[in-house]
Amino acid sequence: MAPGEEVKLTYKVKVTAQNGGAVKLAAGKADGTIFQAEAKRIDGYQENANHPDGRRTGLLETDGSAVFKVYYDRQYYAVDYAYGNYFNNTSKPNPPESKYYMWGTTVSVEADPTWEGYSFTGWKWTNAEGAEIFAPATVPAYNVTATAQWKANSYTIEWIVDGTTVAANAHDFGADVTVPAAPEKAGYTFAGWTWTKKADGSAVASSTTMPAYNVVATAQWTAAGDTAYTVEVYKMNVDGVTYD
């Protein structure tokens, strides 16, 4: 045999992987009487070239066979978390840090997150290429990302004019607010709406988009400066009781 010649061998190869697994190899290279087993790629594993019991090279046995041992360690893969992009990105909480698991072990999914104005509806799982996958019970042989899915909560605005509710609107958080037409009142000019939280009556700034709470909007008025009026003057009579 010429050095480096590719040959077919009749040796046995024992592959030991953590927690089981085996593969047969049937090719090697001859270099005099020394033979080397060709390691094979196994999903979820990486060869441990420094294992004390490993034997990748050696002399051919007198019976024409040899036993080589190749050890493989389980790989670690990442589970990344993301919260996605929604209306209220300025107050979005930070997602959990990435977790690393040995291939084939159980995935411990993070607790359901919370975010003001939204309800959590579950995790969307994707692989490194962004393709959607089923939620893994055990860690696959690749990195995955769990992206939180959200549904905007709905809140209401009650529009009050002189103690009477003239309209009530429900809007999803972040949606444009529907404002009723400006009311009218004899002798007064409409001065806008003041907003308060319905839960506790505290004053809040008005907004063109729906906040994450229920609102009461109350009409405000100023007296009209051009309203015609009459002033009647009455003086007391000498009887001290009546007026003329």
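Shown above is the structure to which this text applies.
Right, let's walk through the structure included here. Predicted, not measured: the structure shown is a model, and the values here were computed from it. (Residues numbered from 1 in each chain as written. Predicted model: local features only at pLDDT ≥ 70, side-chain atom pairs only at ≥ 80, totals over all residues. Heavy atoms only, no water.)

1. Concerning the overall build of the chain
Threshold: Per the convention used, a helix needs a DSSP run of H or I reaching at least four residues, while a strand needs a run of E reaching at least two, with both numbered from the N terminus. Accessibility here uses a 1.4 Å probe with only protein chains present; expressed as a share of the type maximum, an area under 20% marks a residue as buried, one over 50% as exposed, and anything in between as partly exposed. The method behind every accessible area is Shrake-Rupley, applied with a 1.4 Å probe, and residues are considered shielded solely by the protein chains displayed.
Of regular secondary structure, the chain possesses 0 helices and 17 strands. Expressed as a percentage of the 244 residues in the chain, the buried residues total 31%. Total accessible area on the chain is roughly 15500 Å²; 51% of this is exposed by carbon and sulfur atoms.

2. Details of the pattern of salt bridges
We apply this condition: Between Lys or Arg on one side and Asp or Glu on the other, a salt bridge is scored when a side-chain nitrogen of the former is within 4 Å of a carboxyl oxygen of the latter.
By the definition in use, this model includes 3 salt bridges. The closest approach of N and O atoms between Lys198 and Glu158, which form a salt bridge, is 2.4 Å. Residue Lys198 is found in the loop between strand 15 (188-197) and strand 16 (203-204), and its partner Glu158 is found in strand 13 (residues 154-161); the two are separated by 40 residues along the sequence. Exposure remark for Glu158: the relative accessible area of 18% places this residue in the buried category. Put simply, Lys185 and Asp162 hold a salt bridge, and the shortest N to O gap is 3.4 Å.

3. Regarding the pairing of strand 12 (residues 144-152)
Here is the rule: In this description, strands pair whenever DSSP reports at least two bridges between them.
As paired elements, strand 8 (residues 76-82) and strand 12 share 4 bridges and run parallel to each other. By the bridge assignment for strand 12, Asp80 is matched with Thr145. Here strand 10 (residues 118-127) runs beside strand 12; their pairing, made up of 9 bridges, is antiparallel. Bridge pairing in strand 12 places Tyr118 opposite Ala152.

4. Thoughts on the sheet that holds strand 15
Strand order in this open sheet of 5 strands is 14-13-17-15-16, and the pairing throughout is mixed. The strands lining the two open edges of the sheet, one partner per strand, are strand 14 (164-172) and strand 16. Across 4 bridges, the pairing between strand 13 and strand 17 (residues 215-223) is parallel. Looking at strand 17, one finds that Glu158 is bridged to Val216.

5. Overview of the nonpolar core
Put simply, the test is: Buried residues of nine kinds, namely Ala, Val, Leu, Ile, Met, Phe, Trp, Tyr and Cys, make up a nonpolar core once their side-chain atoms join them within 4.5 Å. Here, residues are in contact when the closest pair of their heavy atoms is within 4.5 Å.
Residues Trp123, Trp125, Ile157, Trp159, Trp193 and Trp195 are the most contacted members of the largest nonpolar core, which totals 33 residues. Listing elements by their share of this core, those giving two or more residues are strand 8, strand 10, strand 12, strand 13, strand 15 and strand 17. With 5 residues, the single largest contributor to this core is strand 12. Setting aside its immediate chain neighbours within four residues, Trp123 contacts Tyr81, Ala82, Tyr83, Val109, Glu110, Ala111, Asp112, Pro113, Ala146, Thr147, Ala148 and Gln149.

6. Observations regarding a nonpolar patch on the surface
The line we're drawing: The patches reported here contain residues having more than 30% relative accessible area and no salt bridge. Joining distances are 9 Å for like charges and 5 Å for nonpolar side chains (Val, Leu, Ile, Met, Phe, Trp, Tyr).
A surface patch of nonpolar side chains, amounting to about 360 Å² of accessible area, comprises Tyr234, Met236 and Tyr243. Residue placement: Met236 occurs in the segment after strand 17.

7. Observations regarding the pairing of strand 17
Relative to strand 17, strand 15 is paired through 8 bridges, and the arrangement is antiparallel. Note on strand 17: the bridge partner recorded for Trp195 is Ala217.

8. Some words on the packing of aromatic side chains
Note on aromatic pairs: each is described by the distance of the centres and the angle between the planes. Applicable threshold: Think of it this way: a Phe, Tyr or Trp ring, Trp meaning its six-membered ring, pairs with another when their centres are within 6.5 Å, and the plane angle makes it stacked under 30 degrees, edge-to-face over 60, tilted otherwise. Two limits define a charge over a ring: the Lys NZ or Arg CZ must be within 6 Å of the ring centre, and within 35 degrees of the ring normal.
Using the criterion set out here, one finds 13 aromatic pairs in the structure. Residues Tyr118 and Phe173 carry aromatic rings whose centres are separated by 5.4 Å and whose planes lie at 85° to one another, so their mutual orientation is edge-to-face. In this pair, Tyr118 sits in strand 10 while Phe173 sits in the loop between strand 14 and strand 15, placing the two residues 55 residues apart along the sequence. The same class applies to Tyr118 as to Phe173, namely buried. On the numbers, 6.5 Å between centres and 80° between planes, the contact of Trp159 with Trp195 is edge-to-face. Of this pair, Trp159 sits in strand 13 while Trp195 sits in strand 15, placing them 36 residues apart in sequence. Considered together, Trp159 and Trp195 belong to a single accessibility category, that of buried residues. The structure contains a cluster of three or more aromatic residues connected by ring pairs, namely Tyr81, Tyr83, Trp115, Tyr118, Phe120, Trp123, Trp150 and Phe173. The ring of Tyr188 has Lys185 sitting right over it, with the charged end atom 4.6 Å from the ring centre. Above the plane of the ring of Tyr213 lies Lys197, whose end atom (NZ or CZ) is 4.8 Å from the centre.

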